[in-house]
Amino acid sequence: MSNTSVATNSTSAHPYSPPMISDAITVQIITLISIIGGFASIIGTGTNTVNIVIFLKQGLQDSVNISLFSLAISDILSLISFGILALWVSPIYVYSELDVISGEFEYIVGGMFHSTMTRITGWITAFITLERCLCVAIPLKVKSILTIKRVAICMVSVFLIVFISYMPLFYTNQIVWKFFPLFNRTMLGITFTPDRALIDFFVFLFHTVISTFGSFIAVLICTITLVIELKQKTKWRKQATMTSSVKPGEAKSISSKEIKVIRMIVLLSTAFIISSTPTMAFTIWSIADQSFTAVGYNRNIFNVSFSFIFLIEALNSSISMLVYYTMSTKFKVTCREMLPSCLLKPEGEAKK
């Protein structure tokens, strides 16, 4: 079924009801969100570039560094794709004379690629929280289970599986030169293959039901488990310090180090949960209400909602450096070594 028929059917269901948000207001809101998102993308790309450089400087001989390095790559690609989306609705494109239909071209170049990277970000975040859960639950066995090689393979596998699973969409939605009578010119747009409806149905079913909800639920469960385990382990360590022969200062140091890492991961996963909750809500809405689509009766609400979701995701991808710098002493020290003129390194500060 084509997009035109979907729009016609959805509109005919509400023949006398004006849209909740007018087209003019929709354009204004999306333009404002895109401008803000454009700046967020630039800042986030810069901060994640710093993250990548710092993790490379520290060395990828640690499973946590490998996971966070992969997360930084995913975030930076997600921000770049969102920046492309923002560009197509900015005055830069509006007043240009490019032979491109922005609404169609941005769907392929920005929207689909952005969705791919957000799915990758979700699964990497799920892996990071699961890894830290295992570190707390079975600390003596986790290093033999999650070796550096296995973690690296897992990260590469996440990228490959998600990318490959999205490939059918690039087959069914192809960028071609088309003649548009409205503009009396040939422009770049999208053409659909005859089997698009069937293929897109299974791809979106996989990514919406399995990938999006799966990673969200995994992060949520692991985060809750992590908080519970942290409280139990902290209580146990305090009791052990009072009754065992271990030196109090040594036990406190070990506990403090673990707590800092766990708090950092919990903060990252909590930010992911908060930024992903609107996506879950609006995805459920789009499944339950056929008019809540990009071409349906509630298309203006749909476009504004998902523009807002993209902005939240961009902000979430941009704050990781602040989290690392605040919560990780090792990251802070490396950052200060790289930027001595901006951040002075205090004497006697120990690395984590």
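Residues numbered from 1 in each chain as written. Predicted model: local features only at pLDDT ≥ 70, side-chain atom pairs only at ≥ 80, totals over all residues. Heavy atoms only, no water.

Caption draft 1: Seen up close, the overall build of the chain. What the chain contains, in helices and strands, is twelve helices and two strands. When the elements of the chain are put in sequence order from the N terminus, they spell out α-α-α-α-α-α-α-β-β-α-α-α-α-α. The 352 residues of the chain split such that 44% are buried. A separation threshold of at least 6 residues defines the contact pool for the chain, and within that pool the share at least 24 residues apart is 73%. Roughly 19,000 Å² of accessible area belongs to the chain as shown, and the carbon and sulfur atoms make up 70% of that amount. (Helix = DSSP H or I, 4+ residues; strand = E, 2+ residues; numbered from the N terminus. Buried < 20%, exposed > 50% of the residue type's maximum accessible area, 1.4 Å probe, protein only. Contact = heavy atoms within 4.5 Å. Areas by Shrake-Rupley, 256 points an atom, 1.4 Å probe, with all protein chains shown as cover.)

Caption draft 2: Spatial organisation of the packing of helix H11 (residues 320-327) against helix H12 (residues 329-338). Running from N to C, H11 and H12 cross one another at 105°; their axes reach a closest spacing of 5 Å. By the angle between their axes, H11 is roughly perpendicular relative to H12. Of the residues in H12, those in contact with Met 321, Tyr 324, Tyr 325 and Met 327 of H11 are Thr 329, Phe 331, Lys 332, Cys 335 and Arg 336. When the residues that make up the contact of H11 with H12 are grouped by side-chain class, the tally is six nonpolar, one polar and two charged. (Axes fitted to C-alpha atoms, helices over the stretch in contact; angles between N-to-C directions. Parallel < 35°, antiparallel > 145°, perpendicular 65-115°, else oblique. Nonpolar A, V, L, I, M, F, W, Y, C, P; charged D, E, K, R; others polar.)

Caption draft 3: Quick look at the side chain of Thr 283. On the secondary structure map, Thr 283 appears in helix H9 (residues 248-288). A residue is classified by how much of its surface remains accessible, and Thr 283, at 10% relative accessible area, is buried. A polar contact of 2.6 Å, which involves the side chain of Thr 283, links it to the backbone oxygen of Thr 279. Residues in contact with Thr 283, not counting those within four places in the same chain, are Thr 208 and Phe 213. (Polar contact = N/O pair within 3.5 Å; in protein donor to acceptor, adjacent residues only side chain to side chain.)

Caption draft 4: Representation of the confidence of the model for the chain within the structure. Predicted confidence across the chain gives a mean pLDDT of 79, with 79% of residues reaching 70 or more. The model gives residues 248-254 a pLDDT under 50, and that stretch makes four contacts with residues more than four places away or in other chains. In this model residues 341-352 is a low-confidence stretch, pLDDT under 50, and it forms 20 contacts with partners more than four residues away in sequence or in other chains. (pLDDT = per-residue confidence, 0-100.)

Caption draft 5: Focus on the nonpolar core. One finds Leu 68, Ile 120, Ile 124, Leu 226, Tyr 324 and Phe 331 to be the most contacted residues of the largest nonpolar core, which totals 45 residues. For this core, the secondary structure elements donating two or more residues are helix H2 (23-58), helix H3 (63-88), helix H5 (102-137), helix H7 (148-172), helix H8 (196-243), H9, H11 and H12. Per element, the largest residue contribution to this core is nine residues, and it comes from H5. What Tyr 324 contacts, discounting residues up to four positions off in sequence, is Asn 51, Phe 55, Leu 68, Leu 71, Met 264, Leu 268 and Phe 331. (Core = buried A, V, L, I, M, F, W, Y, C linked by side-chain atoms within 4.5 Å.)

Caption draft 6: Inspection of H7 at higher detail. Under the 1.5 Å per step criterion, the end-to-end length of H7 is 38 Å for 25 residues, consistent within 8% with the ideal 36 Å. Tyr 166 marks the point of greatest bend in H7, at about 25°, and the proline Pro 168 comes within the next four residues. Buried within H7 we find Val 151, Met 155, Val 158, Phe 159, Val 162, Ser 165, Tyr 166, Leu 169 and Thr 172. (Expected span 1.5 Å × (residues − 1). Bend = angle between axes of the 7 residues up to and from the residue.)

Caption draft 7: Spatial organisation of the pairing of strand E1 (residues 173-180). As paired elements, E1 and strand E2 (residues 185-192) share eight bridges and run antiparallel to each other. Residue Lys 178 lies in a different strand from E2, and its bridge partner there is Met 187. Following E1, the chain reverses through four residues before pairing antiparallel with E2; Asn 184 in that reversal takes a positive phi of roughly 55°. (Pairing = 2+ DSSP bridges.)

Caption draft 8: Here's a closer look at the environment of Tyr 166. Secondary-structure assignment places Tyr 166 in helix H7. Taking relative accessible area as the criterion, Tyr 166 reaches 3% and is therefore assigned buried. Sequence-wise, Tyr 166 and Phe 206 are 40 residues apart; in three dimensions their C-alpha atoms are separated by 9.8 Å. When residues no more than four places from it in sequence are discounted, the contact partners of Tyr 166 are Met 112, Ser 115, Thr 116, Arg 119 and His 207.

Caption draft 9: Layout of the environment of Val 50. Its place among the elements puts Val 50 in helix H2. Residue classification places Val 50 among the partly exposed positions, given a relative accessible area of 24%. Taking C-alpha positions, Val 50 is 8.4 Å from Cys 335, a pair spaced 285 residues apart along the chain.

Caption draft 10: Representation of the packing of aromatic side chains in the model. Applying the stated criterion across every chain yields a total of nine aromatic pairs. Aromatic side chains Phe 282 and Phe 306 sit 6.3 Å apart centroid to centroid with 50° between the ring planes, which places their arrangement in the tilted category. Here the residue Phe 282 occupies a position in helix H9, and Phe 306 occupies one in helix H10 (residues 299-318), the gap between them amounting to 24 residues. With a relative accessible area of 18%, Phe 306 lands in the buried category. Members of the aromatic cluster, connected to one another through ring pairs, are Phe 282, Trp 285, Phe 302 and Phe 306. (Phe/Tyr/Trp six-rings, centres within 6.5 Å; stacked < 30°, edge-to-face > 60°.)

Caption draft 11: Summary view of the packing of H2 against H10. The geometry of H2 relative to H10 is characterised by a closest axis approach of 9 Å and an angle of 15° between their N-to-C directions. Comparing their axes, H10 and H2 come out roughly parallel. Relative to H10, H2 is oriented so that their crossing is left-handed. Residues Asp 23, Thr 26, Ile 29, Ile 30, Ile 33, Ile 36, Gly 37, Ala 40, Gly 44, Thr 47 and Asn 48 of H2 form the contact with H10, whose participating residues are Asn 300, Asn 303, Val 304, Ser 307, Phe 308, Leu 311, Leu 315, Ser 317 and Ser 318. (Left-handed = near helix turned anticlockwise from the far one by under 90°.)

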